Amino acid sequence: MTELTEPIAKTSCFTVFAAVLVSAGVVGAQFIGPQTAARPHSTEAAPVGQIPYIGSSSCRECHEGFYQKWATSHHGLAMQPYTDELASKELTPPTGEIEILGARYLVEINKGEGWVLERDPSGEKKYPIAHAMGGKNVYYFLTPLERGRLQVLPLAFDVRHKRWIDTTGSAVRHFGDQRDEPLDWRDPALTFNTSCHSCHVSQLSTNYDLETDTYHTEWTEPGINCETCHGSAVEHVKLFRSLPKEESPSDIRILSTRKFSVEQMNALCAPCHAKMAPLSSSFPPGSPFFDHFDLITLEDDDFHPDGRDLGENYTLTSWLMSPCVKSGELSCMHCHTSSGRMRFTGSESNNLCLPCHEERVRNATEHTHHPADSPGNLCISCHMPSTDFARMRRSDHSMRPPMPSASMAFGSPNACNLCHSDKDAAWADKLVREWRTRDYQAPVLQLGHWISAARQDDWKQLPEMLAYLGNEDRDEIFANSLVRLLRGCEDPRKWPAVLNALQDRSPLIRGSAAESLQGYLTQTSVRALLDATRDPVRLVRVRAAASLAGIPEDRLQDSDRESLSRATKDYLDILHARSDDSLSHYNLGIHHARKGEFERAIECYETALRFQPDSIPPMVNASIAYNQIGANDKAEAILRRALAEDPTNSAANLNLGLLLGELGRLSEAERAFRAAFASDPKSAVAAYNLAVLVSSDRPDEAISWCETARTLAPDEPKYTVTLAFYFRRNGQIAQAISTLRGATAASVPYPDAYTLLGQILEEAGQHGEAAEVYRAAIANDQLPSEVRSMFRVRLESMKGP
């Protein structure tokens, strides 16, 4: 056995990149993992050219009534060409210029055309208005740009207030102390072809060419047409045009949604009403939602911790929290028509809650405590209150009752104070508690506090959070949010709960658990993930495949290799399907990096940066890949580029420190680690490496940094052993022994703890105690057999000749 030495070379984490990707607990470079961006409108229907479509006008021949209802609905008019009729009927003239990010903009509407005039220091430019999107709350306008792009213009029209507004300025999030800034209107996030298309036109193909960075986008017709929900009508129309009017065939050759289950109906509406991420390039009507999409939940700051809407969240997440929806009996069509209209409005809107809540509807005033003719006597006023974001009104589809105590705890909206704005939440809370003796707010308050704590990396209630995940009656959205937020928790007690979540009845939770296991590939978790590649739902299969990317397939059994190969193909198909998306290339780079294909990973990261040049995660990960192929000059250059974008970025500073340490530029490395720790005071890796760097000439400071690292990550044995090593070198033998006894008593699977403690005890002449330490190591079945054999040899050598 060799004496424990200073770990500067061993902990230069660029040298253990592969291990960082496939095992837990390795002190290493801060590799930034896969990211899921919300894509509210980001998947295509079956593309033009692959399946024949005939268009909504063909439906009119037999379904004139339905056609007229559809054609004038917000579904039918989700996008429309800009015309004089639209301008005169829907828009009002601007009152003047609007200043946005240093430029001035003015809408000009003339006979036969409209445009937005841009004035900035470089001059003037006119952008013609080609299309109008939306219209229920806001009209957004599109203009053609170079290489086939349709871009959302910087000015939009607020329908309710009849005024022109700053498009991106109106959508600035309000995250409390977090920074959010308006985007430049030319940002890719506002490019129709890649961000907005699928819920505003029908049967679209983006036809993006990566090599030329050009779109050749086409669609069947603007708006959401009949075939979006019923599939191709070509054969249906052909059949009925050939039949006598009185004849009714058994096979009408088109999808009839009347035969859909509740789940299928809800999935049909969900893609355009969800903050989601696509998993396929098309969504055939009648398909399961989670075969084609992932869903953003409360891990995202765009929601209040109690699940109330904070921003632009498109309904589905809150819908899945509804007790009515959890019953399995409520579909979107119960309250809405297929054109999106409400079935009952105004004073009749309480009929929406029939027949399930007949007693309360018939005796509404007794339930609501509001006069019969007042808005407060309407079910939707209290259970589906509306809030505004980006000039759009959205109603809360969780259908939960008012919870003023959650407003007091999290600043979330509640129905009482949305109407009674002159009162505070405490006033409302007092009333609802008088009206309802059952404390229905308590469970949501508890869950909200857990979500809030987890977002802040506060794990004091970790046992309670983990127990909740195993509850049979857990809420799907809250549980899924916790599973995702647990990725920021370094406590190993979480792993059994995450593994159990892989068996949850919800495919959403199973998929999140599979993704969370990517940093914990043990024999047990690999087996569970391999089983997950056979899951009936695509979301689970592809998340499992992504987590297993670093597993050598030639070591697997044939059946496992085949299922993993199929799931991996599905995963890669998702990434390749969106070749105009920065995150697709970024996640593809991570996949190649995990497989050790670093040059291909670099190519993907660089492509991601073409689309989003200021994105730091691809820069950080590219630096690690460059280091792996020996291109340290490029690794340093791209980290410097990241820090030019954000000098306080912890991951960029941390990895720069590791690289500079490896290159022997120790004073520069120390500055980088200090910057990393200043930005992220919970970075045990930064604290540990600072301890290593200062240990040669500042032993007391080294001990302090190492104690900080151990406090931040108490389950990382390297920090404990290194602290003991520094105690020993500083002559603090009692502290060294005490520190190591704690580690060996816990049977840590870390042989250096036993080695160092045994050496110290032998040097102190305490041979009997040293022998006990070696016996404990031999009995520790978490240590490899060859390591335990070495301890047996040492124990035998102590007996002498």
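Residues numbered from 1 in each chain as written. Predicted model: local features only at pLDDT ≥ 70, side-chain atom pairs only at ≥ 80, totals over all residues. Heavy atoms only, no water.

Asks: I would appreciate a short explanation of the overall build of the protein chain in the present structure.
Replies: Secondary structure summary: the protein chain contains 36 helices and 18 strands in total. Relative to the 2.2 N^0.38 estimate, which gives 28 Å for 801 residues, the radius of gyration of the protein chain is 30 Å and therefore close to what a compact globule would have. Each principal axis of the C-alpha atoms in the protein chain carries an extent, and together these give about 105 × 65 × 60 Å. Looking at the 801 residues of the protein chain, the share that counts as buried comes to 53%. Sequence separation of at least 24 residues holds for 57% of the intrachain contacts in the protein chain that already meet a minimum separation of 6. Summing over all exposed atoms, the protein chain offers an accessible surface of approximately 36700 Å²; the carbon and sulfur share of this is 52%. A gap of 2 Å separates the mean positions of the 82 positive and 105 negative side-chain charges of the protein chain. (Helix = DSSP H or I, 4+ residues; strand = E, 2+ residues; numbered from the N terminus. Rg over C-alpha atoms; globule rule 2.2 N^0.38 Å. Buried < 20%, exposed > 50% of the residue type's maximum accessible area, 1.4 Å probe, protein only. Contact = heavy atoms within 4.5 Å. Areas by Shrake-Rupley, 256 points an atom, 1.4 Å probe, with all protein chains shown as cover. Lys, Arg positive; Asp, Glu negative; His and termini not counted. Charge placed at Lys NZ, Arg CZ, Asp CG, Glu CD.)

Asks: Please explain unusual backbone geometry as it appears in this structure.
Replies: Negative phi characterises most residues that are not glycine, and trans characterises most peptide bonds. Here the bond from Leu354 into Pro355 is cis, since omega is 5 degrees, no more than 30 degrees from zero. Topologically, Pro355 is positioned in the loop between helix 9 (323-326) and helix 10 (358-362). Look at Asp213: it is not a glycine, yet its phi comes out positive at around 55 degrees. On the secondary structure map, Asp213 appears in the loop between strand 12 (208-209) and strand 13 (214-215). Located in the positive-phi region is Asp457, a residue other than glycine, with phi close to 55 degrees. Checked against the element boundaries, Asp457 lands in the loop between helix 16 (441-455) and helix 17 (462-469).

Asks: What exactly am I supposed to notice about the sheet that holds strand 2 (residues 98-100) here?
Replies: Strand-to-strand pairing in sheets goes through backbone hydrogen bonds, with the strands running parallel or antiparallel. Pairing is antiparallel in the open sheet, where 4 strands are placed in the order 2-3-4-5. The sheet is open, and its two edges are formed by strand 2 and strand 5 (123-128), each paired on a single side. The sheet shows a mean angle of 30 degrees between the axes of neighbouring strands, direction not considered. Strand direction decides the pairing type here: strand 3 (residues 103-110) and strand 4 (residues 113-120), joined by 7 bridges, are antiparallel. Following the sheet pairing, Arg104 is matched in strand 4 by Arg119. (Pairing = 2+ DSSP bridges. Axes fitted to C-alpha atoms, helices over the stretch in contact; angles between N-to-C directions.)

Asks: Explain the packing of helix 32 (residues 717-729) against helix 33 (residues 733-745) to me, please; I cannot follow it from the model alone.
Replies: The axes of two packed helices give the description: the angle between them and the distance between them. Closest axis-to-axis distance for the helix 32/helix 33 pair is 7 Å, and the angle between their directions is 165 degrees. Comparing their axes, helix 33 and helix 32 come out roughly antiparallel. Crossing hand, helix 32 versus helix 33: left-handed. Counting all contacts with helix 32, which are made through Thr720, Val721, Leu723, Ala724, Phe727 and Arg728, the residues of helix 33 involved are Ile733, Gln735, Ala736, Thr739, Leu740 and Ala743. (Parallel < 35°, antiparallel > 145°, perpendicular 65-115°, else oblique. Left-handed = near helix turned anticlockwise from the far one by under 90°.)

Asks: Any chance you could explain the pattern of salt bridges here in plain terms?
Replies: Pairing of side chains with opposite charge becomes possible as their charged atoms draw close. In total, this model carries 53 salt bridges according to the counting rule given. Residue Arg455 pairs with Asp301 through a salt bridge whose shortest N-O separation is 3.6 Å. Placement of the pair is Arg455 in helix 16 and Asp301 in the loop between strand 16 (293-295) and helix 8 (316-319), with a sequence separation of 154 residues. Measuring nitrogen to oxygen at the nearest pair gives 2.9 Å for the salt bridge that ties Arg674 to Glu670. Note that Arg674 and Glu670 are positioned in helix 29 (residues 666-679) at a spacing of 4 residues, about one turn of the helix. Classification of Glu670 as buried rests on a relative accessible area of 14%. Through salt bridges with shared partners, one network takes in Asp294, Glu299, Arg484, Arg487, Glu515 and Arg543. (Salt bridge = Lys/Arg side-chain N within 4 Å of Asp/Glu carboxyl O.)

Asks: What is the right way to look at the pairing of strand 9 (residues 155-158) in this model?
Replies: For a regular strand, side chains alternate in direction, first toward one face of the sheet and then toward the other. Residues of strand 9 alternate between two faces, with Leu155 and Phe157 on one and Ala156 and Asp158 on the opposite face, all of them buried. Of the strand pairs in this sheet, strand 7 (residues 138-144) and strand 9 are connected by 2 bridges, and their pairing is antiparallel. Within the sheet, the bridge partner assigned to Tyr139 lies in strand 9 and is Phe157. Alignment of strand 9 against strand 10 (residues 163-166), held across 4 bridges, turns out to be antiparallel. In the strand pairing of strand 10, Leu155 is matched with Asp166.

Asks: Got a minute to help me understand the state of the cysteines in this structure?
Replies: Any covalent bond linking the sulfur atoms of two cysteines counts as a disulfide. The final tally for this structure, using the stated rule, is 1 disulfide. As a non-bridged cysteine, Cys379 has Cys353 as the owner of its nearest cysteine sulfur, 3.7 Å distant. (Disulfide = S-S within 2.5 Å.)

Asks: Would you take a moment to explain the environment of Leu445 for this structure?
Replies: Within the secondary structure layout, Leu445 lies in helix 16. As for Leu445 and Ser407, which are separated by 38 residues in sequence, their C-alpha atoms are 9.8 Å apart. The residues contacting Leu445, other than those within four sequence positions of it, are Ser405, Ala406, Ala409 and Phe410.

Asks: How do you make sense of the pairing of strand 7 when you look at a structure like this?
Replies: Of all 7 residues in strand 7, 6 are buried; the element is thus mostly enclosed. In terms of strand pairing, strand 6 (residues 131-134) meets strand 7 through 4 bridges, oriented antiparallel. Bridge assignment links Gly134 to a residue of strand 7, and that residue is Tyr139. The hairpin formed by strand 6 and strand 7 contains 3 residues between the paired strands, and Gly135 there has a positive phi angle of roughly 125 degrees. Pairing of strand 7 with strand 8 (residues 150-152), which is carried by 3 bridges, proceeds in the antiparallel orientation. Directly across from Leu142, in strand 8, lies its bridge partner Val152.

Asks: How should I be thinking about the packing of aromatic side chains in this particular structure?
Replies: For the structure on display, the rule yields 19 aromatic pairs. Here the aromatic rings of Tyr208 and Phe611 are separated by 6.2 Å at their centres, their planes lie at 55 degrees, and the arrangement is tilted. One end of the pair, Tyr208, is in strand 12; the other, Phe611, is in helix 25 (residues 598-611), with 403 residues separating them in the sequence. Members of the aromatic cluster, each reached through a chain of ring pairs, are Tyr139, Phe141, Phe157 and Trp164. Over the ring of Tyr314 we find Arg394; its NZ or CZ atom is 4.6 Å from the centre of that ring. The residue whose ring lies beneath Arg610 is Phe611, and the NZ or CZ to ring-centre distance is 5.8 Å. (Phe/Tyr/Trp six-rings, centres within 6.5 Å; stacked < 30°, edge-to-face > 60°. Lys NZ or Arg CZ within 6 Å of the ring centre and 35° of its normal.)

The values are spatial; any link to function lies outside them.
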